[in-house]
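One letter stands for each residue in the lines below.
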Amino acid sequence: MLRFWAMGNEGGSVGRLMPEFERRNPGVRVEVQPLPWTAAHEKLLTAYAGASLPDVSQIGNTWVGELTAIGALSPTPPEAAGLLTDQFPAVLETNEIGGRAMTTPWYVDTRLLFYRTDLLRRAGFETPPENWIDWRRAMHGVKRAAGRDNFAILLPLNEFEQLLTFGLQIDEPLLRDRDTQGNFSSPGFVAALAFYKSLFDEQLAPRASATQISNVWTEFARGYFSFYFSGPWSVGDFRTRLPESFQPSWATAGVPGPTGLGASAPGGSSLAVFKSSPHQDAAWSLVRYLSEPAVQAQFNALTGDLPARQSAWSRAGVERDPMLAPFREQLSRAKAVPKAPEWERIVTEMQIVAERMVRGEYTPESAAAEIDRRVDRLLEKRRWMLDQGKAI
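For the structure given in this document, a descriptive report is provided here. Within any chain, residue numbers begin from 1 and follow the written order of that chain's sequence. Whole-chain, interface and lining totals are the exception, using all residues; otherwise, since this is a predicted model, local features are given only for residues with pLDDT of at least 70 and side-chain atom pairs are given and counted only at 80 or more. The side-chain figures draw on all heavy atoms in the structure; neither hydrogens nor water molecules are used.

### Describing the overall build of the protein chain
The line we're drawing: Working definition: helices are DSSP H or I runs of at least four residues, strands are E runs of at least two. Numbering for both runs from the N terminus. Buried, partly exposed and exposed residues are distinguished by accessible area as a fraction of the type maximum, computed with a 1.4 Å probe on protein chains only: under 20%, between the cut-offs, and over 50%, respectively. Should any heavy atoms of two residues lie within 4.5 Å, those residues are counted as being in contact. Areas reported as accessible are Shrake-Rupley estimates using a 1.4 Å probe. Residue values count occlusion only from the protein chains shown. Charge counting follows a simple rule: Lys and Arg are positive, Asp and Glu are negative, and His as well as the terminal groups are ignored. For this purpose, a charge sits on NZ of Lys, CZ of Arg, CG of Asp or CD of Glu.
On a plain count of helices and strands, the protein chain comes out with 18 helices and 14 strands. Dimensions of the protein chain, computed from the C-alpha atoms along their principal axes, are close to 65 × 55 × 30 Å. Counting every position in the protein chain, which comprises 392 residues, the buried fraction comes to 56%. In the protein chain, 74% of the contacts between residues at least 6 apart in sequence involve partners at least 24 apart. When the accessible area of the protein chain is evaluated, it comes to approximately 16500 Å², of which 50% is carbon and sulfur surface. Across the protein chain, 42 positive and 45 negative side-chain charges occur, with their mean positions spaced 1 Å apart.

### Some thoughts on the nonpolar core
What counts here: Buried residues of nine kinds, namely Ala, Val, Leu, Ile, Met, Phe, Trp, Tyr and Cys, make up a nonpolar core once their side-chain atoms join them within 4.5 Å.
Grouped together as the largest cluster of nonpolar side chains are 82 residues, with contacts concentrated most on Trp135, Phe166, Tyr196 and Phe227. Beyond its immediate sequence surroundings of up to four residues, tyrosine 196 is in contact with Leu155, Leu157, Leu163, Phe166, Ala354, Met357 and Val358. Counting residues in each nonpolar core, the second largest holds 24 residues, with Phe4, Val28, Val56 and Trp106 among its members.

### Digging into helix 13 (residues 293-303)
Every buried residue of helix 13 is accounted for by Val295, Gln296, Ala297, Phe299, Asn300 and Thr303. In this fold, the buried residues of helix 13 make contact with helix 1 (8-13), strand 6 (104-109), helix 12 (280-291), strand 14 (306-307) and helix 14 (311-316).

### As for unusual backbone geometry
Phi at aspartate 86 is positive, roughly 70°, even though this residue is not glycine. Locating aspartate 86 in the fold gives a position in the loop between helix 4 (64-69) and helix 5 (89-94). Of the residues examined, aspartate 86 reaches a relative accessible area of 29% and is grouped as partly exposed. Within the chain, glutamine 203 stands out as a residue other than glycine whose phi angle is a positive 60°.

As structure tokens, this is what we get:
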């Protein structure tokens, strides 16, 4: 019996793929345990501490560094190296620690721009902007077109993803010295902070958290904002929750950067085989099965998730969907975030300081210095371990 933990929508759907796997592998049965995303990270760490991890689990790809650091993962064996071909480079990089794949990409996502085609056209722009200068002009134009009480873009102050996307446009890394020090005071990140802050100062974005928005699709449709960062999951929401008459009024496009189309963070989920599993061969057989392009195309039909294997995109028909096709190009420009186990705490601190900056407590320069101060404190143990010559 293989125990497989899966989260959210995937946990409720992947069981439909198991009969074929079991047919191909006589004597192997898979027990799928669905978990809510909100509890998954803590449950995995608790299971590690209690020596009760499953054989295989879906994990968020930003958890790879942490699970590697505690020695929980079984790295990809040489006979499974074929799983690493045909992947998006930045996504694959998030699954590697020290040049070795520790987990296998299962499905992928990233964030790009959702925008109102009708309001952009009314503002005098026939195509979406590709750089920050044109984007600012377009935002001022759509704000005028949408009316005085509306805005151009939604940047929820309780979310870090939007500012992180701005920060990924710069050439400097976000952490330095082997990911033991913050590098948020670099000129590039200060410029990203300044651009982010200016969108609020110029009343192009509301000073609001996501909890203050009744629901995104309704506010988008009524013109409260015309640009929105989101992932492929929003395509289904906008198509099913908004009337047919509104469908020609929106589209997706790549993320504008300072001088041209820019980067975004690679997202999605990975498949982890745990070192504690007594069924290593069967566990890796399951990972190989779920990574087959034909199976990934079938999984896309069940869940809407974008396949990790690029060859599965044509099988699934994703490239023929005008709202989803831009995600492939955006994924080709994606940039992996630092793999420090503390990364999720780091971006939370970044978001907290950025909100206080937007509300007037910091300048971009002093906000960057404050983020670095908080990040350096979070990374103190990492620095100590390196100083002691210990592996991290």
